[in-house]
Amino acid sequence: MELLVAFVTGLTTGGLSCLAVQGGLLASSLARQVEQDVAGRAARGKRKSQARRDEKTRLAQPILLFLLAKLVAYTILGGLLGALGSVLQLNAVTRAVLLIAIGIFMIGNALRMLNVHPFFRIFAFEPPAFIRRYIRHSAKNDAWTTPLLLGAMTVLIPCGVTQAMMAVALAAGSPLAGAATLFAFTLGTSPVFFAIAYATLSLGARLERYFMRFVAVIVLVLGLVSIENGLNLMGSPVSASRLAQSLFQANRPALAGQVTGPLAPGGPAHRLVLEAHNDGYYPAILYAVAGAPVELAVTTNETYACSRSFVIPSLGVEKILPATGEELIDIPAQPKGTVMRFACSMGMYTGEIIFN
Amino acid sequence: MSEKVTLAIPDMHCANCVMRLESLEDDLPGVVSITASYRSQKMEIEYDPAGVTIDQIMAAVSRLGYHPERR
């Protein structure tokens, strides 16, 4: 699920955003080099149709090498970031803080792209001068390995969306998950990159600005979503989905979960059943009796979404549910009026238990 | 004997502009070095007046789609 999101992000915003930052220089210098190469070979004399066929492969080959190197480099980077995340042992709260920080960073970047105020330029990542010079000189190098080298070096000039994905890889908390996140994302960016580079289009300053605005709006939305998820994961009552939930709750209390077992306060634990589906938790609001311990049974049935990673921030509970099965969580007796919030580990799906 | 000049580039809008502007270092004979900054919207140019004039440099920047202003 998360990988699909990463792939689609790459396919849509990531591809365009990366092109705006990396494509202008790299794709055009690649294309120039290939054009010269093709022209040189054609001049040496070949039948027209044969030359055209060769031209097509010769154009595609270096671009594919470039993208392959980029994919490998980012996958390794994702692995390293994931490893770093696992060393840091991120719990729900630090992940939430990270998500909110990513959100602020993305919104800052979006406002920078929209040129709202010069202040937001502090969110821009500028590689040091010697790295910029090295990349530029490599782009002009005629060696066969140039596309590979250039592709790998794009890790040094990540675009705004890529930087956000790098943070997601860090938050993934394991080398494998981190590598998979950036692999899926970079794979997603490849078709757009290939198409533009193949057409040997280099983005002119005017066209680039148009792309930047489009990307800025998407990044702004992704930033807000990230902050929203962070707030959910912290169990904060002020996130947009929680506010929507309280409205929902006020209007339709009939959707609340059923309490089974003894209802008397102070009695033995009663049981609440929560279903973790691929699109969220059902019911999203559960009612429990205050003053009595609760046994929360979270059930899954072929659930593969992030709802499988279940978090109750206030209890410090973090469970990875089986894809199909049941996980029991013991909740100690709570005073009347307690609202215990739960969420998936990404903060995307939420719900709460109300004790009264 | 080389000279230095700073140009304000108010329409620089991303890190790619920095690299594009700095590529003039290789393309313009007489230019010794260029350091551009997106954050400060400026480019510092070290050049040899015997090889290139400041007007030629400004014209080259304009050809890339920017509006340089001399500081």
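Worth saying up front: this structure is predicted, and the values here are computed from it rather than measured. Throughout, a residue's number is its position along its own chain's written sequence, starting from 1. Think of it this way: whatever chain is written first is A, whatever ligand is written first is 1, and the rest follow in order. With the structure being a predicted model, the display of local features is reserved for residues of pLDDT at least 70 and the display and counting of side-chain atom pairs for 80 or more, all residues being used for whole-chain, interface and lining totals.

## Observations regarding the overall build of chain B
Labels follow the DSSP assignment, with helices taken as runs of H or I lasting at least four residues and strands as runs of E lasting at least two, numbered in each case from the N terminus. The helix and strand tally for chain B stands at three helices and four strands. Reading chain B from its N terminus to its C terminus gives the helix and strand order β-α-α-β-β-α-β. Counting other C-beta atoms within 10 Å of its own, a residue is labelled buried from 20 upward, exposed at 12 or fewer, and partly exposed in the gap between, with every C-beta atom placed from the backbone. Within chain B, the proportion of its 71 residues that are buried is 35%. Within chain B, counting contacts between residues at least 6 apart in sequence, those at least 24 apart form 55% of the total. Throughout, a residue-residue contact means that the two C-beta atoms, derived from backbone geometry, are no farther apart than 7 Å.

## Looking at the overall build of chain A
Scanning chain A from N- to C-terminus turns up nine helices and 10 strands. Looking at chain A residue by residue over its 356 residues, the buried ones come to 43%. Considering only contacts in chain A between residues 6 or more positions apart, those separated by 24 or more positions represent 77%.

## Quick look at the pairing of strand 9 (residues 339–344) of chain A
Residues and elements named next belong to chain A. Among the six residues of strand 9, five are classified as buried, and the element is accordingly described as predominantly covered. For two strands to pair, DSSP has to find at least two bridges joining them. When strand 6 (residues 309–312) meets strand 9, the two strands line up antiparallel, connected through two bridges. Looking at strand 9, one finds that F310 is bridged to C344. When strand 9 meets strand 10 (residues 350–355), the two strands line up antiparallel, connected through five bridges. The partner of M340 across the bridge, within strand 10, is I353. Connecting strand 9 to the antiparallel partner strand 10 that follows it, the hairpin turn spans five residues, and G347 within it adopts a positive phi of roughly 75°.

## Focus on the sheet that holds strand 6 of chain A
All names here are of chain A. Pairing in this open sheet of five strands is mixed, and the strands run 4-10-9-6-7 from one edge to the other. Whereas interior strands pair on both sides, the edge strands pair on one side only; in this sheet they are strand 4 (285–288) and strand 7 (317–320). Strand after strand, the sheet turns through a mean of 20° between neighbouring axes, direction not considered. Fitted lines through C-alpha atoms give the axes, limited to the stretch in contact for helices. The angle between two N-to-C directions lies from 0 to 180 degrees.

## Let's talk about the nonpolar core
To count as a nonpolar core, a set of buried Ala, Val, Leu, Ile, Met, Phe, Trp, Tyr and Cys residues must be joined through C-beta atoms within 7 Å. Counting 74 residues, the largest nonpolar core has A164(A), M165(A), A167(A), A169(A), V311(A) and C344(A) as the members making the most contacts within it. Counting the residues that make up this core, at least three belong to each of domain 1 (2–234) and domain 2 (240–355) of chain A. Those residues in contact with C344(A) that sit more than four places away from it in its chain are C306(A), S307(A), S309(A), F310(A), V311(A) and Y349(A). In terms of nonpolar packing, the next biggest core, distinct from the first, is built from 20 residues, V18(B), Y38(B), Y47(B) and Y66(B) among them. Residue ranges for the domains trace back to a domain assignment, done automatically or taken from a database.

## Some thoughts on the sheet that holds strand 2 (residues 31–37) of chain B
To summarise the sheet geometry, strands pair through backbone hydrogen bonds and adopt either a parallel or an antiparallel arrangement. Residues and elements named next belong to chain B. Strands sit in the order 2-3-1-4 across an open sheet of four strands; the sheet is antiparallel. One side of each edge strand has no neighbouring strand; the edge strands of this open sheet are strand 2 and strand 4 (69–70). Seen against the sheet, helix 1 (residues 15–22) touches strand 2 and strand 3 (42–47) and runs at an angle of roughly 170° to strand 2.

## Examining the confidence of the model for chain B
All names here are of chain B. On average, residues of chain B score 88 in pLDDT, and 100% of them are at 70 or above. When mean pLDDT is taken per element in chain B, strand 3 scores highest with 94 and helix 1 scores lowest with 81. Scoring of the predicted complex yields 0.58 for pTM and 0.78 for ipTM. pLDDT expresses, on a scale from 0 to 100, how confident the predictor is about each individual residue.

## Remarks on the environment of N232(A)
All names here are of chain A. Residue position: N232 is located in helix 8 (residues 205–234). Exposure remark for N232: the 27 C-beta atoms within 10 Å place this residue in the buried category. When the C-alpha atoms of N232 and S345 are compared, they prove to be 9.3 Å apart, with 113 residues separating the residues in sequence. Every residue in contact with N232, bar those within four places of it in the chain, is listed here: S239, S241, A343, G347 and T350.

## A short note on the pairing of strand 2 (residues 270–277) of chain A
All names here are of chain A. Where strand 2 and strand 5 (residues 294–300) come together, seven bridges link them in parallel fashion. Along strand 5, the bridge assignment pairs H270 with V294. Relative to strand 3 (residues 280–282), strand 2 runs antiparallel, the two being bridged by three bridges. Paired with H277 across the two strands is G280, which belongs to strand 3. Between strand 2 and strand 3, which follow one another and run antiparallel, lie two residues.

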